[in-house]
Amino acid sequence: DALADLLGSDSDDDWVVPPPFTEVSHDRSLPQEWRWQEEDEEQKWAIVPISRTSIEFELLAAGLRPYVPNATLVEVERVQNSQLFQEFEAKRNKLAASWMDRGNPRHDANVKLLYHGTGVRRPRDVVEASEGLDPRHAKASGNFYGAATYLSEDPSYGLGTGPYAHRMEGHDGRRQQLLLVKLACGAVKDYGQVVNEETRALRMPPIRTKGPPVERYDTVKAGPHRPRRSGPGERGESDASIIYCAYEYALMYPNYILTIDLVQDLQPPEAAAAEAAATAACSFSAAVAAAASSSSSSRIIPARPVS
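What counts, and at which threshold
Residues numbered from 1 in each chain as written. Predicted model: local features only at pLDDT ≥ 70, side-chain atom pairs only at ≥ 80, totals over all residues. Heavy atoms only, no water. Helix = DSSP H or I, 4+ residues; strand = E, 2+ residues; numbered from the N terminus. Buried < 20%, exposed > 50% of the residue type's maximum accessible area, 1.4 Å probe, protein only. Contact = heavy atoms within 4.5 Å. Areas by Shrake-Rupley, 256 points an atom, 1.4 Å probe, with all protein chains shown as cover. Polar contact = N/O pair within 3.5 Å; in protein donor to acceptor, adjacent residues only side chain to side chain. Phe/Tyr/Trp six-rings, centres within 6.5 Å; stacked < 30°, edge-to-face > 60°. Lys NZ or Arg CZ within 6 Å of the ring centre and 35° of its normal. Pairing = 2+ DSSP bridges. Core = buried A, V, L, I, M, F, W, Y, C linked by side-chain atoms within 4.5 Å. Salt bridge = Lys/Arg side-chain N within 4 Å of Asp/Glu carboxyl O. Arc of directions from axis to C-beta. pLDDT = per-residue confidence, 0-100.

Enquirer: Before we go on, may I ask you to explain the overall build of the protein chain in this structure?
Expert: If you tally the helices and strands in the protein chain, you get 6 helices and 14 strands. Considering the protein chain as a whole, with its 307 residues, one finds that 43% of them fall into the buried category. Excluding contacts between residues fewer than 6 apart, the proportion of contacts in the protein chain whose partners are at least 24 apart in sequence is 71%. Element-wise, carbon and sulfur atoms account for 50% of the exposed surface of the protein chain, whose accessible area totals about 16,300 Å².

The following block contains the structure:
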């Protein structure tokens, strides 16, 4: 909420952008915090590094801490894609107007800030595309809620040992990147933890009212789920998250590229348990070997580690 408030702030003190990004936007419909290089007259596209001393950076870091306390935010880059932003704003305004037409008292499009992992693709390569996060690139089968772009409330859903965050080369897998994305959720279909043939076959949100005119939900919400596994797990697992699914690129604007260092990978419980069991087995084998080589007259029986 604090970051959302900041993104609507008019105070220049809140924004600290290093040179050479010093020029304000010519187009006043763009966010007031955006800055450009002086020679960039067209002001269509830029990735701008955010100062670590800014309130903007600190709020982004504070948003990570409750979910991934073993993570350090090392770099933030703001994505400034003028065309994509204006398409997002047009869609957002359309949804807000639609909500008012339906008698909903809210004056917005139910916008949320969510995390998205780009996997093997660099986030920069994804946001350089004119459509940004384009659900048309999603897998046609195998996903819980069909061919969509999946976003999570909890960044640990994408970080760690899973397949979602982008792992940067040369850091032993511990430096990873996520996108922080604005999603205009609009009217949301909440599936909870239901996953079945119908949800896996989705290519667009389900029908909301049969009409006429027929109206569909704007987005889908579900979970909490774990990466590639349905449900939160028996004990509630650290990487489980509520997820949102978008089926149109214009519903999303990728606001930031976050670069994050992990002290250690976030392991799913079964992986941690397997590692602990392997360690215990090695310890037991070592103890047996030590006992066998001991020159004691009494028989030594090592205690098996408690699992």
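Enquirer: Looking at this structure, how should I read the side chain of Asp218?
Expert: Its location among the elements puts Asp218 in the loop between strand S11 (215–216) and strand S12 (219–225). Residue Asp218 is classed as buried on the basis of its relative accessible area of 12%. Polar side-chain contacts of Asp218 include one of 2.7 Å to the backbone nitrogen of Ala187.

Enquirer: Before we go on, may I ask you to explain the packing of aromatic side chains in this structure?
Expert: By convention here, two paired aromatic rings are described through the distance between centres and the angle between planes. Under the defined criterion, the tally for this structure stands at 8 aromatic pairs. Taking the centre distance of 5.4 Å and the plane angle of 15 degrees together, the rings of Tyr157 and Tyr164 count as stacked. The class of Tyr157 is buried, set by a relative accessible area of 10%. Its relative accessible area of 23% is what places Tyr164 among the partly exposed residues. By way of ring pairs, the aromatic residues Trp34, Trp36, Phe85, Phe88 and Tyr253 are connected into one cluster. The residue whose ring lies beneath Lys189 is Tyr191, and the NZ or CZ to ring-centre distance is 5.3 Å.

Enquirer: In this structure, what is going on with the pairing of S12? I would like to understand it.
Expert: Within a regular strand, side chains alternate between the sheet's two faces. When you tally the buried positions in S12, you get 5 out of 7 residues, the bulk of the element. Relative to S12, strand S9 (residues 188–190) is paired through 3 bridges, and the arrangement is parallel. Residue pairing across strands places Val188 opposite Thr219, the latter belonging to S12. Bridge count between S12 and strand S13 (residues 241–246): 4 bridges; the pairing is antiparallel.

Enquirer: Hey, could you run me through the nonpolar core in this one?
Expert: Considering soluble globular proteins, one finds that nonpolar side chains tend to be buried as a cluster. Judged by nonpolar contacts, the single largest core of 29 residues is most densely connected at Leu183, Met252 and Tyr253. Counting only elements with at least two residues in this core, the list comes to strand S3 (45–49), helix H3 (82–101), helix H4 (123–127), strand S8 (175–184), S13 and strand S14 (252–262). Among all residues touching Tyr253, those that are not within four sequence positions of it are Trp34, Val79, Gln80, Asn81, Leu84, Phe85, Phe88, Leu180, Val181 and Lys182. Counting 18 residues, the second largest nonpolar core, distinct from the first, contains Phe57, Leu60, Ile260 and Leu262.

Enquirer: Which parts of the structure should I look at to understand the pattern of salt bridges?
Expert: Any two side chains of opposite charge can pair, so long as their charged atoms come close to each other. In the structure shown here, the tally under the stated rule is 10 salt bridges. A salt bridge links Arg124 to Glu128; its shortest N-O distance comes to 3.4 Å. One continuous salt-bridge network, built from bridges that share partners, spans Glu131, Asp134 and Arg136.

Enquirer: Can you walk me through helix H2 (residues 55–64) in this structure?
Expert: Structurally, the α-helix is built with 3.6 residues per turn, so residues lying three or four positions apart point the same way. Residues Glu56, Phe57, Leu60, Ala61 and Leu64 constitute the buried set of H2. Seen end-on, H2 carries its buried residues on one side only, within an arc spanning 130 degrees.

Enquirer: Hey, could you run me through the confidence of the model for the protein chain in this one?
Expert: Note that predicted coordinates carrying low pLDDT should not be read in detail. Confidence along the protein chain averages 78 in pLDDT terms, with 74% of residues attaining 70 or more. Looking over the protein chain, one finds the lowest element-wise mean pLDDT in helix H6 (residues 269–293), namely 40, and the highest in S9, namely 96. Per-residue pLDDT stays below 50 along residues 8–13; that stretch engages in 6 contacts with residues further than four places along the chain or on separate chains. pLDDT under 50 marks residues 265–307. Its contacts with residues more than four places away, or in other chains, come to 29 contacts.

Enquirer: How do you make sense of the environment of Gln83 when you look at a structure like this?
Expert: Tracing the sequence through the fold places Gln83 in helix H3. Sequence-wise, Gln83 and Glu131 are 48 residues apart; in three dimensions their C-alpha atoms are separated by 9.1 Å.

Enquirer: What exactly am I supposed to notice about the environment of Ser238 here?
Expert: Among the secondary structure elements, Ser238 is positioned in the loop between S12 and S13. When the C-alpha atoms of Ser238 and Tyr67 are compared, they prove to be 8.0 Å apart, with 171 residues separating the residues in sequence.

Enquirer: I'm lost on the environment of Leu251 in this one. Help?
Expert: Its place among the elements puts Leu251 in the loop between S13 and S14. Residue classification places Leu251 among the buried residues on the basis of a relative accessible area of 0%. Taking C-alpha positions, Leu251 is 6.4 Å from Lys91, a pair spaced 160 residues apart along the chain. Dropping the residues within four chain positions of it, Leu251 is found in contact with Phe88, Lys91, Leu95, Lys182, Leu183, Ala184, Asp218 and Thr219.

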